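Chain by chain, the residues:
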Amino acid sequence: MATQLSPDMLEQLFALRDALAAAPRGEQSARLESFANFIGKSPNTVHRWLKDYAGRKTNRKTRADAGSSCVSDGTLELIAGMQREGVRGNGKKIVPTAVAMNIAHHNGVDIKVSEGQFNRLMRAKRLDVASVVSSRSHIAMRAEHVNQEFQIDPSLCVIFYLQGKQFIMRDEEFYKNKLDNISKIKLKVWRYVRYEKASASIDVRYYEAAGENQQSLFEFCHYTMSRQPHRLSYGRPARLVMDKGSANTSHGILNWMDAMGVEVITHAAGHSWAKGGVEKSNDIVELQFESRLKIEPVESVMQLNASAEQWVRDYNANTIKHVDCRVRRASGEPLVRDDLWQLIMRTPEHLIEIPSIAVCQYFLCGKQDTRQVKSNYTISFVHPELKKSQQYSLAPWAEFLANKMEVKVWALLLKDGALRVEIPRFGAEPLLVEVAAETAFDAFGSPMSATVPGEYSRTPQSLTEANDQRLAKAAYGEDATRDTAEVSRAKQARPFAHLNDGKGLVAHSHLGKEALPQRLLPAATPLVTEQITAATSSRVEFPPLSLVEFSKHMAGDWHKDFAAVVLQRYPDKRIPANEVEALKERLLRGTAAPLRVVGGTK
């Protein structure tokens, strides 16, 4: 803080300034030291006073080596970097400059200045911890219209209820070193605050839960965006700013906001300044409303919310006696929050009422809906707002579609039953399109977009139809079409006959010509089981046939010349039963040579 000088001292300083300016060279220092001794201050202090309060300029040239130091920038950054990395989450610096200098020294860095000089150098170059920790600069942002941005923030309230009685967490009983006391409270009270950026309107509601959860956030979002009798501000915002809490980034909440066309902005941990409006609103709620609860307790969260609604009503309207509830902006004019929100009359298109809670809950399930594309490029979907099956035409994107292809769909709210459809594309990002439901129908219930008899038009070519056309050309030549290919198939025409100079494709004549590798196989082991052994031992032996019986067996094939051949082979006229068929075959083939001995005696 600057020293406050008396009017008499200021007058003496002005007189000294003029005297020094008129004094010959060489006498100025003596006069200044004499004045310093007279008032009991050092010459340096008088120098500073003359400069700060009397505007004296010494006209001294800046030294040629000003700003230079024997300490290099690399050394400064090393020491400053060690101190910066040692800053704890609460901002406390735990690496003193002397310790960092000692570490640098033992790592080969030569430091020739004192700790104090090192600190002065870091402050001069803004490398000290205080400067770099607070280095993030912010830009002023404004809302262009009401309901452009909502900010929402949940926080643990100091109030809790046990057995129908209100309690308030005391700092000496509930703090970071006594977490057990907090854990004993199974159901805590969570405060959810909403801040509307253009008007600074505040809304608050309390929920009893073990922790942050998706259900509480959903109920608060629907509550604060819906019209309520105790406050003016409501409607769907264009964007919603929250932190990256697990409940905030849950799929269900994001899915719901996306369906309503709300842009969700989440800031990084530790960057609460990104939603400074709701952070300040939390302080306002705690100071202006919750401070009253100790004096007049309530018995339940239900009663707490009833009281909070009345406070919200009066605070936004600035009707609380002796309390200035207005907001002050850069203009300096105090403004009533409800008056600012009522400026939505200038932009009524931004007052959009959200659907009922039953419709909005549809999007919390997190389920991914898919539909199959029909052959006429349509899909069916029961929209939660329309509550009946509707037809949606995807014909404009037929080139990316195939019959029975599955597409992902999302219902969009506040858009007359429209859908967002994701169409997959090979080798490219999926195509996202917005499709409206068929709304024009004739008296027979058919869509008016359908073609009537006599008014024929070619349907757009689908992805699979285009592929079929390319395959027809590949099989039957460049002049082929899907229709001519069908004719060729009906005629059993050879496909690909135009390839290889009209010889067609070789499909099987090349088989059986490749040399096979030599492989060694083990000898097979005969199969022996009780059943096979029993069948072999009980095999029926048939008695041999006589020459007469054999001739009867051959019946019409017997010839009298066969007798000599048979007798030559079987002189005893007994032909074994197991050789009958082989003998018959040889006789019929006209084999006259002696037969090979198969069994019996030669």
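Note that the structure is a prediction, hence the values are computed from the model and not measured. (Residues numbered from 1 in each chain as written. Predicted model: local features only at pLDDT ≥ 70, side-chain atom pairs only at ≥ 80, totals over all residues. Heavy atoms only, no water.)

**What to know about the pattern of salt bridges**
Applying the stated criterion across every chain, the model contains eleven salt bridges. Of the charged contacts in the structure, one is a salt bridge between arginine 420 and aspartate 258, with a shortest N-O distance of 2.5 Å. Here aspartate 258 lies in helix H10 (residues 251-259) and arginine 420 lies in strand S14 (residues 419-423), a separation of 162 residues in the sequence. Looking at arginine 420, the relative accessible area reads 23%, which means it is partly exposed. The partly exposed category is assigned to aspartate 258, whose relative accessible area is 30%. Between glutamate 422 and lysine 408 there is a salt bridge whose closest N-O contact spans 3.8 Å. Of the two residues, glutamate 422 sits in strand S14 while lysine 408 sits in strand S13 (residues 406-411), which places them 14 residues apart along the sequence. Owing to a relative accessible area of 35%, lysine 408 belongs among the partly exposed residues under this scheme. Overlapping salt bridges bring together Asp324, Arg326 and Arg328 as one network. (Salt bridge = Lys/Arg side-chain N within 4 Å of Asp/Glu carboxyl O. Helix = DSSP H or I, 4+ residues; strand = E, 2+ residues; numbered from the N terminus. Buried < 20%, exposed > 50% of the residue type's maximum accessible area, 1.4 Å probe, protein only.)

**Some thoughts on the sheet that holds strand S10 (residues 369-372)**
Here we have four strands laid out as an open sheet, ordered S10-S13-S14-S15, and antiparallel in their pairing. The strands lining the two open edges of the sheet, one partner per strand, are S10 and strand S15 (431-435). Put simply, the sheet's adjacent strands are angled 35 degrees from each other on average, direction ignored. Relative to S14, S13 runs antiparallel, the two being bridged by four bridges. (Pairing = 2+ DSSP bridges. Axes fitted to C-alpha atoms, helices over the stretch in contact; angles between N-to-C directions.)

**Some words on the packing of aromatic side chains**
Under the counting rule described, the total for this entry stands at nine aromatic pairs. Between tyrosine 192 and tyrosine 207 the ring centres are 5.4 Å apart and the planes differ by 90 degrees, which places this aromatic pair in the edge-to-face class. Placement of tyrosine 192 in strand S4 (residues 188-196) and of tyrosine 207 in strand S5 (residues 202-209) is noted, with a sequence separation of 15 residues between them. Relative accessible area serves as the criterion here: at 10%, tyrosine 207 is assigned to the buried category. For the cation-ring pair, arginine 194 lies above phenylalanine 150, with the distance from its terminal atom to the ring centre recorded as 4.7 Å. (Phe/Tyr/Trp six-rings, centres within 6.5 Å; stacked < 30°, edge-to-face > 60°. Lys NZ or Arg CZ within 6 Å of the ring centre and 35° of its normal.)

**Notes on the environment of glutamine 372**
If you trace the backbone, glutamine 372 turns up in strand S10. Assessed through its relative accessible area of 46%, glutamine 372 is described here as partly exposed. The spacing of glutamine 372 and lysine 408 is 36 residues in sequence and 9.1 Å in space, taken between C-alpha atoms. Setting aside anything within four residues of it in sequence, one finds glutamine 372 in contact with Thr378, Ile379, Lys404, Met405 and Glu406. (Contact = heavy atoms within 4.5 Å.)

**Structural notes on the confidence of the model for the chain**
Taken residue by residue, the chain gives an average pLDDT of 80. The fraction at 70 or more is 82%. Taken element by element, the predicted model of the chain shows its lowest mean pLDDT in helix H8 (residues 179-183) (46) and its highest in helix H13 (residues 337-341) (95). Residue range residues 170-185 is modelled with pLDDT below 50. Its contacts to residues more than four positions away, or to other chains, number eleven contacts. (pLDDT = per-residue confidence, 0-100.)

**Describing helix H19 (residues 562-569)**
Among all positions of H19, only Phe562, Ala563, Val566 and Arg569 are buried. All buried residues of H19 project into a common sector of 130 degrees when viewed along the axis, lining one side. Along H19, exposed side chains directed more than 90 degrees from the buried face belong to Ala564 and Gln568. In this structure, the buried residues of H19 make contact with helix H18 (547-554) and helix H20 (580-589). (Arc of directions from axis to C-beta.)

**Some details on helix H6 (residues 115-124)**
The periodicity of an α-helix, 3.6 residues per turn, causes residues three or four places apart in sequence to face the same way. Burial in H6 covers these residues: Phe118, Asn119, Leu121 and Met122. Buried positions in H6, seen along its axis, are confined to an arc of 160 degrees and lie on one side of it. Those residues of H6 hidden inside the fold are in contact with helix H4 (73-85) and helix H5 (97-105).

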